[in-house]
2 protein chains.
Amino acid sequence: MNGRFPIALHIMTLLCSAEGLLSSEYMAGSINVNSVLVRKELSNLIKNKLVSSQEGKNGGYTLARPAAQITLAEIYETVKPEAVLGQAKNQPNPACPIGKQINQHITELYIDVDKVLMQKLGNTTLLAFVAKFN
Amino acid sequence: MNGRFPIALHIMTLLCSAEGLLSSEYMAGSINVNSVLVRKELSNLIKNKLVSSQEGKNGGYTLARPAAQITLAEIYETVKPEAVLGQAKNQPNPACPIGKQINQHITELYIDVDKVLMQKLGNTTLLAFVAKFN
DNA sequence: TTGTACTGTAATAAAAATTATTACAAATAA
DNA sequence: TTATTTGTAATAATTTTTATTACAGTACAA
């Protein structure tokens, strides 16, 4: 697993608590990662309609919708990996009766786990998450 | 995220459906990864009392307890990463009011998510998981 | 209309994590 | 006592992640 979700959440938190537009440079300063990485993640958030941007001088980024209407599930959705609990890159032996079937059963398990996870994350709005900050 | 959980689950599934002892070499053949990696994961499963081993010729591995008494939560526990939904390696800017606090709030969120996840995985025994195989 | 400060994105490099390989000591069955 | 297996360390190869550099395009503002 990588750091995409924490970074996306950090971005969304910053945007939620900001007045106007924020630049990727400013956010990179708060998160403490490279600004190109921030813009890449923002580009992804824009594609998913959670953020909107304004190009040009004095441009920047802002939430596309009210924070009360955005859940953590939607944010996670934008960075969600193929496999919730990890994906091995091996190809199990098709000649083995277990190896032949295991990927299918893991996939089914992951679908169930994902459901539970999304339900949990869907319970918290971005606004509620940010409200916890002092 | 890495492939440790699928591999650990594959190991446990093989052991569950086996009669006697299985060698790491055999399991590596089914999983299709290096046998040293399998032994490393087995070593971890042994440390967590889910597997026991027998050294020497004709040695191998077997479940330490009946599969009906082992849940997927216990298996996940043995490979669980620090951060369920990913960990960024950045150190957020302590001079930023958001950056200063975000890690604490992410940690709290992760504790909640972990609870839900473990509950879900705790509902399925290894025996039940393996029963799905044809 | 020109300079400045942004976004957007590609290409590449650096760093970190994961997996594979090699090697060998120790155990135990035959 | 030989063969087979676990246990583990050291190292190499591969893959993934993150950083850096570069620059085109947009829009504001003097």
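Just so we're clear, the structure is a prediction, and the values are computed from it rather than from any experiment. (Residues numbered from 1 in each chain as written. Chains lettered and ligands numbered in written order. Predicted model: local features only at pLDDT ≥ 70, side-chain atom pairs only at ≥ 80, totals over all residues. Heavy atoms only, no water.)

By definition, a disulfide links two cysteine residues through a covalent bond between their sulfur atoms. Summed over all chains, the structure comprises zero disulfides over all chains. With no disulfide of its own, Cys-96 of chain A has Cys-16 of chain B as its nearest cysteine by sulfur position, at a separation of 13 Å. (Disulfide = S-S within 2.5 Å.)

In this section: the pairing of strand 1 (residues 51-54) of chain B. Residue and element names in this part refer to chain B. The sheet contact formed by strand 1 and strand 2 (residues 60-63) spans four bridges and is antiparallel. Bridge pairing in strand 2 places Gln-54 opposite Gly-60. The antiparallel hairpin formed by strand 1 and strand 2 contains five residues in its connecting segment, where Gly-56 sits at a positive phi of about 85°. (Pairing = 2+ DSSP bridges. Helix = DSSP H or I, 4+ residues; strand = E, 2+ residues; numbered from the N terminus.)

Attention now goes to the pattern of salt bridges. Counting across every chain of the model gives ten salt bridges over all chains. Between Arg-4 of chain A and Glu-41 of chain A there is a salt bridge, and its shortest N-O distance comes to 3.0 Å. Here Arg-4 of chain A is found in helix 1 (residues 4-17), whereas its partner Glu-41 of chain A is found in helix 3 (residues 35-47), with 37 residues between them in sequence. A salt bridge links Lys-120 of chain B to Asp-112 of chain A; the shortest N-O distance between them is 3.8 Å. One end of the pair, Lys-120 of chain B, is in helix 5 (residues 97-122); the other, Asp-112 of chain A, is in helix 5 (residues 97-122), on a second chain. Salt bridges linked by common partners bring Glu-77, Lys-80 and Asp-114 of chain A together as one network. (Salt bridge = Lys/Arg side-chain N within 4 Å of Asp/Glu carboxyl O.)

Residues in close proximity to DNA strand D total 28 residues, the closest being Asn-34 and Gly-56 of chain A together with Ser-24, Ser-53 and Tyr-61 of chain B. Considering the 4 Å shell around the protein, atoms of DNA strand D inside it are sugar or phosphate in 67% of instances. One of the side-chain nitrogen or oxygen atoms of Ser-24 of chain B is found 3.0 Å away from a phosphate oxygen of DNA strand D. Between a phosphate oxygen of DNA strand D and a side-chain N or O atom of Ser-53 of chain B, the distance comes to 2.7 Å. Listing elements by their share of the surface near DNA strand D, those giving two or more residues are helix 3 of chain A together with helix 3 (35-47), strand 1 and strand 2 of chain B. Looking at side-chain class alone, the surface near DNA strand D contains seven nonpolar, 15 polar and six charged residues. (Near = heavy atom within 4 Å. Polar contact = N/O pair within 3.5 Å; in protein donor to acceptor, adjacent residues only side chain to side chain. Nonpolar A, V, L, I, M, F, W, Y, C, P; charged D, E, K, R; others polar.)

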